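Structural characterization, general
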Amino acid sequence: MSPSLPNFSLSSRLLLLALILVFLVTFHLHRSPKTSSLNTLISHHFGGTGGGGATADPRRLFLSFSATANSSISSHLRALTREPHLAGTPSAAAAADYVRTHLELAGLETLTRNYSVLLSYPAAASLSLLLNGTLVKTLSLAEPADPTARAVAPYHSYSPSGAAVAPVVYANLGRDEDYLVLDRLSVDVRGCVVVVRRGGGPRGTIVEAAAARGAKAVLMFGNGVGGGVERGTVLLGGAGDPLTPGWAANASAERFRLADGEVRKRFPKIPSMPVSTVTAVEILGAIGGPPAPPEWKAKMSAAAGVGGGSTMVNFTYQEDRKLAVIQNIITTIKGCEEPDRYVILGNHRDAWTYGAVDPNSGTAVLLDVASRFGALLRSGWRPKRTIVLCSWDAEEFGMIGSTEWVEQNLENLGSKAVVYLNLDCAVQGPGFFPGASPQLDKLLIEIMKQVTDPDSEGITVYQTWVAQNGGINKIERLSRADSDFTAFLHHAGVPATDIYFGEDYPFYHTTLDTYEWMEKHGDPSFLRHVATSEIWGLLGLRLADDRILPFDYNSYATQLLEHANALTVLLDNLKIKPILASIRHFTAAAKAVQDEAKMFEVQGAAEDASSCLRLRAFNDKLILAERSFLDAEGLRGRPWFKHLLYSPPKDSASKLSFFPGIADAISDAKSSIKGEASNMVLDHEIWRVARAIRRAADVLRGELT
């Protein structure tokens, strides 16, 4: 039996209600200042509807955290660069722990994905100068800028062990045209050690070019600023672990043997070594031979001659190849509406030395973006689509960590990945340099217009960028294979971006890539880092939260037409007629997609299930169109590269940065005596590109043909 309630009069009830109201107001006014200020901030910045949970504009709140971001980014970079952290070493594990800990402190759940991969380290090396067979001098292979030898000694990963006592030839940049100059000078590199200056193309390609001409070894030197020596990989033919080509290198995975042909073709046939400018000068100053061309001497005054005489070097190198465990750290923020659509942001963590620029300027930004996303989550925001933050390992050995993850998740990524947003050397100096798949151009420009330039008060990154390019919107196409977008775009067909401040810097892959250099020269105020964080984070938010994916295929159509026009300089219009016809179909499909997007905008937010499904199907067309540019067979002789529009050409000196199969066929035709066969190959590659563009047009139309 319930107790009876007091029989209050009306006036008593009103008095009780008034007391309750006074209590609630007093409680509100005396809440924790932190809680009150957070609610005020949220109230101030949130005006629209976020991904889910809170009525909010998460982009404005995201930007509001920039006020103190330079301090936290600086702190992260200092901590990450205290010690060298080469992949597969104990210090690399410490860097992984730091990143994992701070992702968790941001309130994000993390997973660690380990892979057992083949890595390559130096065991022993020596170099000496001989004259008429007599030892003249033992030469140093150390890095002058690293007297304490805290970092790994300069070396080329995956260079095979070997030895050579041989004459020396200077081959400038080691390109085809440089060897033609040597031919005209009657200097033969067969049986010689070739000395080259960095800058002629990928290291592995330069070494292979020397091996193809019969050289016994390659010594490579750079600009030598400050006594630095550039380390790097010479791995050939794609990306990822050499023992597991095309599948993930899990602990129990199938592995090819080192003697297998598929593995051996990933390594150069002769040894190579980076050397200091001081060592290169000692060698080149002693070799004699025919005079070096003036343009060679202008870059290297010590090169009086190109060698080929009685001056020799005794070079030995012993490699230590072994399976090592690498760690990818993956953080997933589940989408509230489309959890099976992935917006992926990634940066690699491993470094040849201290890695202040490469890659930890990007790692510090990754941790800042993670902290901001964590704050948004605590405010009640949830993204519509799933956001995945990735910290990759072993990129420096050949994009290994990211490639293994892509190969492990290839089927899911093929149907569900919206985009991959890459960050590597986030800050190298002044000036913004964006790269992207063409459908992302418009979005990138919109965001650049919203971010203040870190070096110029009162103007945007966009305004400075346009000025530095002479008024042209110049966004790079990602046809190079030198960072973690490689597996996503070239192998899986996922649209990608790669952004950074500063065109280059003088201490690439040397022990001078330190926090102190960044603090004094690269970005003293760390505001370039903050601007990168804003651009990268806003890209992720727009792609995760926009109802209609902000892909612009009109930009793609325009870019394809520009590529075709550039191709007519090398080939006549009649020959590329199939490509031009396919571009017309693609242009019409892109226009139809734009009209359809406007229709969805007019209709507003979908409320019924049927409208939601139509919008999802529309967005899926935008996602899947890029996959159409893949070919299952891949490029000729390089099947891992499957993107027929934007994979790297085989010849790094090629004038074409697009249509790599066509570029390869043109390069092969120049060196082939079988004209008819070369023409057939070229025609086939033209038709392959035409079919890929037509496939993409059909996907955008969304109907069976």
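Computed from a predicted model, the values in this text were never measured in an experiment.

**A short note on the overall build of the chain**
- Secondary structure assignment for the chain yields 23 helices and 14 strands.
- The C-alpha atoms of the chain give a radius of gyration of 29 Å, which matches the 27 Å a tight globule of 705 residues would have.
- Projecting the C-alpha coordinates of the chain onto the three principal axes gives extents of approximately 120 × 65 × 55 Å.
- In the chain, the share of contacts with a sequence separation of at least 24, taken over all contacts with a separation of at least 6, comes to 79%.
- Of the roughly 29700 Å² that the chain leaves accessible, carbon and sulfur atoms contribute 56%.
- Averaging the locations of the 69 positively and 73 negatively charged side chains of the chain gives two centres separated by 2 Å.

**Side note on the packing of aromatic side chains**
- Tallied over the full model, the rule gives 31 aromatic pairs.
- Here Phe551 and Tyr553 contribute two aromatic rings whose centre-to-centre distance is 6.4 Å and whose plane-to-plane angle is 80°, an arrangement assigned as edge-to-face. With respect to burial, Phe551 and Tyr553 carry one shared label: buried.
- Residues Tyr556 and Tyr646 carry aromatic rings whose centres are separated by 6.5 Å and whose planes lie at 40° to one another, so their mutual orientation is tilted. Of this pair, Tyr556 sits in helix H19 (residues 553–567) while Tyr646 sits in the loop between helix H21 (609–624) and helix H22 (660–670), and the two are 90 residues apart along the sequence.

**Side note on H22**
- With eight of 11 residues buried, H22 lies mostly within the body of the structure.
- Within H22, burial applies to Pro660, Gly661, Ile662, Ala663, Asp664, Ala665, Ile666 and Ser667.

**Quick notes on the pattern of salt bridges**
- Tallying each qualifying case throughout the model produces 40 salt bridges.
- In this structure, Arg372 engages Asp368 in a salt bridge whose closest nitrogen and oxygen atoms are separated by 2.9 Å. One end of the pair, Arg372, and the other, Asp368, are both in helix H11 (residues 360–379), four residues apart, so they sit about a helical turn from each other. Asp368 matches Arg372 in its accessibility class, with the two residues each being buried.
- As a salt-bridge pair, Asp498 and Arg480 come within 2.8 Å of each other at their nearest N and O atoms.

**Comments concerning the confidence of the model for the chain**
- Taken residue by residue, the chain gives an average pLDDT of 91. The fraction at 70 or more is 91%.
- Low confidence marks residues 1–8, where pLDDT is under 50. Its contacts with residues over four positions away, or in another chain, come to one contact.
- Across residues 10–49, confidence stays below pLDDT 50; counting only partners more than four residues off in sequence or on other chains, it has 24 contacts.

**Section: the UniProt feature "domain: PA" (unreviewed entry) in the chain**
- Using the residue numbers shown here, the UniProt feature "domain: PA" (unreviewed entry) corresponds to residues 166–228.
- Taken end to end, residues 166–228 has its terminal C-alpha atoms 26 Å apart, with 30% of it in helix and 24% in strand.

**A word on the UniProt feature "domain: Peptidase M28" (unreviewed entry) in the chain**
- Annotation from UniProt places "domain: Peptidase M28" (unreviewed entry) at residues 328–520.
- Regarding residues 328–520, the helix share stands at 34% and the strand share at 22%, and the terminal C-alpha atoms are separated by 31 Å.

**Considerations on the side chain of Asn172**
- Tracing the backbone shows Asn172 in the loop between strand E4 (162–170) and helix H6 (176–184).
- Relative accessible area serves as the criterion here: at 4%, Asn172 is assigned to the buried category.
- With near-sequence residues (within four places) excluded, Asn172 lies in contact with Asp178, Val195, Val196, Arg197 and Trp296.

**A few points about the nonpolar core**
- Leu119, Ile344, Phe397, Ile579, Phe586 and Ile662 are the most contacted members of the largest nonpolar core, which has 204 residues in total.
- Once residues lying within four places of it in the same chain are set aside, the contact partners of Phe397 are Leu86, Ala87, Leu119, Ser120, Tyr121, Tyr155, Ser157, Tyr158, Thr233, Leu235 and Trp352.

**Focus: unusual backbone geometry**
- For the bond from Asp358 to Pro359, the omega torsion is 10°, close enough to zero to count as cis.
- Within the element layout of this structure, Pro359 appears in the loop between strand E10 (338–348) and H11.
- One non-glycine residue, Asn172, lies in positive phi territory at about 55°.
- In this model, Phe526 sits at a positive phi of 60°, which is unusual for a non-glycine residue.

**Brief notes about the packing of helix H4 (residues 69–80) against helix H17 (residues 515–522)**
- Their axes nearest at 9 Å, the elements H4 and H17 cross at an angle of 145°. On H17, the residues touching Ser74, Leu77 and Arg78 of H4 are Tyr515, Met518 and Glu519.
- Residue composition of the contact of H4 with H17, grouped by class: three nonpolar, one polar and two charged.

**Notes on the packing of H19 against helix H20 (residues 577–603)**
- Running from N to C, H19 and H20 point in directions that differ by 165°, and their axes come no closer than 8 Å. By the angle class used here, H19 and H20 are roughly antiparallel. In this structure, the crossing between H19 and H20 has a hand that is left-handed. Mapping the contact onto sequence places Tyr553, Asn554, Tyr556, Ala557, Leu560, Leu561, Ala564 and Leu567 in H19 and Ile579, Leu580, Ile583, Phe586, Thr587, Ala590, Lys591 and Gln594 in H20.
- Grouping the constituent residues of the contact of H19 with H20 by class yields 12 nonpolar, three polar and one charged.

Procedures and definitions
Residues numbered from 1 in each chain as written. Predicted model: local features only at pLDDT ≥ 70, side-chain atom pairs only at ≥ 80, totals over all residues. Heavy atoms only, no water. Helix = DSSP H or I, 4+ residues; strand = E, 2+ residues; numbered from the N terminus. Rg over C-alpha atoms; globule rule 2.2 N^0.38 Å. Contact = heavy atoms within 4.5 Å. Areas by Shrake-Rupley, 256 points an atom, 1.4 Å probe, with all protein chains shown as cover. Lys, Arg positive; Asp, Glu negative; His and termini not counted. Charge placed at Lys NZ, Arg CZ, Asp CG, Glu CD. Phe/Tyr/Trp six-rings, centres within 6.5 Å; stacked < 30°, edge-to-face > 60°. Buried < 20%, exposed > 50% of the residue type's maximum accessible area, 1.4 Å probe, protein only. Salt bridge = Lys/Arg side-chain N within 4 Å of Asp/Glu carboxyl O. pLDDT = per-residue confidence, 0-100. UniProt positions renumbered as here; feature names shortened; annotations may be inferred. Core = buried A, V, L, I, M, F, W, Y, C linked by side-chain atoms within 4.5 Å. Axes fitted to C-alpha atoms, helices over the stretch in contact; angles between N-to-C directions. Nonpolar A, V, L, I, M, F, W, Y, C, P; charged D, E, K, R; others polar. Parallel < 35°, antiparallel > 145°, perpendicular 65-115°, else oblique. Left-handed = near helix turned anticlockwise from the far one by under 90°.

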